[in-house]
Each structure stands twice: as C-alpha cells, then as structure tokens.
Amino acid sequence: MKYKADKSYKELKDSQNYNAFMSPMKHQRLLNEEWVEITNLPKSLNKHLIKQGQEKPVKEKNNG
Amino acid sequence: MAELNFQPKNDIQVVVGTGSANLGTAHAVSDTWTKLPIVDFSLEQASATLDVAPHRSSTYGQTSNMGRHRPDTQNYEVSLTMRGTPSAVTTSCLALFGDGDSACELKPTNNTGTMKDAVTNASAVTVLFEGAGSDSINTDIIMKSCFATSMTIKEDIGSNGGEMVVEVTLWSAYRPTEGLLAPTTYTSDTATPKNIFDLATKTVDSQDLIIHSWEISISRSLERVGYQDTTDYDPFGYVQTSPYEVTGSITCKRDNEIGDILDHIEGDSTAIALSLAESSGFTLSCPGIMIDNSKPEVGEYLTQTIPFRAFGASETDNIISITIT
C-alpha cells in the first residue's frame, strides 16, 4: 500500500519519524511529498500518513 | 607462563545497532540492537599498512627510520553471511541504500545521507562482535559508522536446503575498538528464512521459469576523506565513488520459456521485468533488467544461465524492490 505524508508527519522528531524505523530514504521521500510503498505501517505513524485513495478532496476556491 | 585461553568462533555473538547516531560515534546501549542469524563472519582490528622509504645509495639494508605506518589511509571491512530472514535483508538494505523497512526500494535517487564526521546519520550501523576482543577485560570488538558496500541475496535448490542466504560487506574508515558494549536489550532474530522451494512466482518477462538457483548483488564503493588528527586518524567523512549497481544471474531449465525470451537474449536493448515471489511475505521485483550474455549449460539435461543487470526506468523508478516480512 502506498502512503504519503500528512502535514503532521513533517513535525515529528527523528525518534518518531521513519528515521527511527530503519528507513531514512522513506523519510526523505515523505518529506518530498512522494508516495511511498509501505508493507507494515508502524502504528505510531498511522495518523501522520495518508493512504493512497483516501486523500481528502481538495476544496475548490470560490472565485465568484 | 603462556596464556592458556582461546576464542572459539561459535562463542562470538554478532549484534548490529541501528538508528540515528553521529558519524564517528557508536550506537548507544539504549539504541535498537539486533542479533542477526549469522552463519559466518570475518573480523577486523585497528591496524595500519607499512610504507617504506627508498634506501640511500651505497647501503644495502633498510633502517627503521625508513618505515612509516599509514593509519591515515586505512579502511576496515567485514563480511557477514546470514540466513535469509527479514531482518537480515532489511538491515543490509538500510546500511547499503538507506531503506531498511519493507518494501526496501532502491531507486537512482537513493543515498545513505550525509556521511560527514559528527553529523547524524540514520543509515550507518554499529557492528558489535561480543567476545571477539583479544583482551580479558575489553572482550568485544566494536565497529562504528559502518555502511554496506555490497549485499548478495541468493537461493539454490542444491545447497542449504534451498534456504535464502544473505551476504553483506560492511565498511568503515573509523578504527575498530576493543572494549565493552553491552546493549540494554537486543532482539534475537529467530524468524524462518525464505526458501527457494516456497517461490510461487519465478518470471522473466512474464515467462514462468523452472529456476534451479538465483542470486542478486547490489554494490557501490565508498572512500574515506583524509584524516583529522594523528591520534585516532578519524576521517572527515566518506564519499560514494560509484553508482549502485544491481546485477545477478538465474540458472533454470532450458525449455520453450527460454525460447519465448530469445529476442532479449539475442540483444534488443529492451528492459524486461524479473519477479520472484512467495505466496506471501516475500517479493523481489526488478521492473527493468537486461540480459547480459546468456548461454546454455550442458549437463544431463540442458539448463540456461541468465546473467542480468537491473536498471530504473527513470530516476524516480525502482531498480529493485524487496518486500519481506
């Protein structure tokens, strides 16, 4: 399953983000707002990542 | 009186520390430590090569002032051979290309972070050889700030009961030390290794091959950057001097599936997919390999050896992806 970072992920300390889960590359890619393939999502990161297909719809700006 | 002690190889435990640590500093006892399923290993020791200056004309001997030790150029390298468990694979991937969480993905953009002395790095590992120290008090050998320069994953129906074998070469430019380092806790990896007889998918370009053995190697080279002082000869850091190269080979039964990939064997410069997977828990995928001079082998029945090199389709695509749990 692919995930990307929510805003809150970027605020996490190194002891909480993917640096602490043996993947500095996943951490870098999440910071770069890339989709990342994750097999077993650590529970503590669940609320900081967005699963592909479950993104919130972007609200359209009302220009009128 | 001569010392009567000796050091049995099987008394030595190899434990690897991971997590963020400054380059040049060993992982703390409170960090994450894993006792990997090691079956063989090599050892290092702080040491130096000896340079010799030229002798003066009219003399024919070498005098001691001509000798110069060179700890400033020394690198340290150990190889670990492990049973193919998830942590053996993921720890190797972490130290080699910075992704030790399944799916471990190597893309052309991968790296192992800033490799500069005293700067934090989450890809480097500390290797602790418990019981390998030569001293009765300092009983361990500690290798800090190690990165992998190569790893090989392989399976063969003819050896180790088909079990996966992982070989990793770990490299450091910091002197190994003999001391005591007792991790607060460590996880002993007792997971079941992957096995060639459990492979459910074995395809090249979607052709289902009857595979006898396969192996894949990922490698790169590192160099030390100078030395900071003449006390410890610590480097200023490391630089990576080559791209990641992913090569491998498959040996399989020669049949009409080989005939179906003949155009790629003959050489069409087209990348094709390699997939090796168990029904769950293991998938190795190289989306773009090119076959490199494949030949038939003559035994009691014919087999085909397929050497290959893996490429990423672009800088953001996988060269290799390993899903392992």
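The text that follows walks through the structure, step by step, so that each part is easy to find. Note that this is a predicted model, so its numbers are computed, not measured.

Basis of the calculations
- Residues numbered from 1 in each chain as written.
- Chains lettered and ligands numbered in written order.
- Predicted model: local features only at pLDDT ≥ 70, side-chain atom pairs only at ≥ 80, totals over all residues.
- Helix = DSSP H or I, 4+ residues; strand = E, 2+ residues; numbered from the N terminus.
- Contact = placed C-beta atoms within 7 Å.
- Buried ≥ 20, exposed ≤ 12 C-beta atoms within 10 Å, placed from the backbone.
- Nonpolar A, V, L, I, M, F, W, Y, C, P; charged D, E, K, R; others polar.
- Pairing = 2+ DSSP bridges.
- Core = buried A, V, L, I, M, F, W, Y, C linked by C-beta atoms within 7 Å.
- Expected span 1.5 Å × (residues − 1).

Across its full length, chain A carries one helix and three strands. Secondary structure of chain A in N-to-C order comes out as β-α-β-β. Sequence-distant contacts, at least 24 apart, represent 69% of the contacts inside chain A between residues at least 6 apart.

Here we come to the overall build of chain B. Within chain B one finds three helices and 25 strands. Principal-axis analysis of the C-alpha atoms gives chain B an extent of 70 × 55 × 45 Å. A buried classification covers 40% of the 325 residues belonging to chain B. Taking the contacts inside chain B whose residues are at least 6 apart along the sequence as the reference set, 69% of them involve residues at least 24 apart.

So, about the interface of chain A and chain B. Contact residues are listed per partner, giving 13 residues for chain A and 19 residues for chain B. If one sorts the elements of the side of chain A that touches chain B by residue count, helix α1 (residues 24–31) of chain A sits on top with three residues. When grouped by side-chain class, the residues that make up the side of chain A that touches chain B number six nonpolar, four polar and three charged.

The next point concerns the sheet that holds strand β3 (residues 49–51) of chain A. Sheet strands pair by backbone hydrogen bonding; their relative direction is either parallel or antiparallel. Residues and elements named next belong to chain A. In space, the three strands of this open sheet follow the order β2-β1-β3, with antiparallel pairing throughout. Two strands bound the open sheet, and with one partner strand each, they are β2 (36–37) and β3. In the sheet, strand β1 (residues 2–5) pairs with β3 via three bridges, with the strands oriented antiparallel. The partner of Tyr-3 across the bridge, within β3, is Lys-51.

This part covers the nonpolar core. All names here are of chain B. If you look at the biggest cluster of nonpolar residues, it comprises 86 residues, and the most contacted ones within it are Val-127, Cys-146, Val-166, Leu-170 and Val-246. With eight residues, the single largest contributor to this core is strand β11 (residues 140–156). Residue contacts for Val-127: discarding those within four places in its chain leaves Val-14, Val-16, Val-78, Met-143, Cys-146 and Leu-170.

Here the focus is the pairing of strand β22 (residues 282–291) of chain B. All names here are of chain B. Here strand β21 (residues 272–278) pairs with β22 via five bridges, running antiparallel. Bridge pairing in β22 places Leu-276 opposite Leu-284. Following β21, the chain reverses through three residues before pairing antiparallel with β22; Gly-281 in that reversal takes a positive phi of roughly 90 degrees. Judged from the three bridges that link them, β22 and strand β24 (residues 303–310) form a sheet pairing that is antiparallel. Across the sheet, residue Met-290 finds its bridge partner in β24, namely Arg-309.

Moving on, we come to the environment of Val-29 of chain B. All names here are of chain B. Topologically, Val-29 is positioned in the loop between β2 (21–22) and β3 (32–35). Separated by 24 residues in sequence, Val-29 and Ala-53 have C-alpha atoms that sit 44 Å apart. Apart from the residues lying within four places of it in its own chain, the contact partners of Val-29 are Leu-181, Ala-182, Pro-183 and Thr-184.

Take helix α1 (residues 86–97) of chain B next. Structurally, the α-helix is built with 3.6 residues per turn, so residues lying three or four positions apart point the same way. Taking 1.5 Å as the rise per residue, α1 of chain B with 12 residues should run 16 Å; its terminal C-alpha atoms sit 16 Å apart, in good agreement. Taken across its 12 residues, α1 of chain B has 12 buried, putting it largely inside the fold.

To continue, consider unusual backbone geometry. Residues and elements named next belong to chain B. The step from Ser-102 to Ala-103 runs through a cis peptide bond, and the omega angle for that step is 0 degrees. Assignment of secondary structure puts Ala-103 in the loop between α1 and β8 (104–106). Despite not being glycine, Ala-118 has its phi angle at roughly 70 degrees, a positive value. Tracing the chain through its elements places Ala-118 in the loop between β8 and β9 (120–121). With phi around 50 degrees, Asp-205 is a residue other than glycine that occupies positive phi space. Following the sequence through the fold, Asp-205 ends up in the loop between β15 (199–204) and β16 (207–208).

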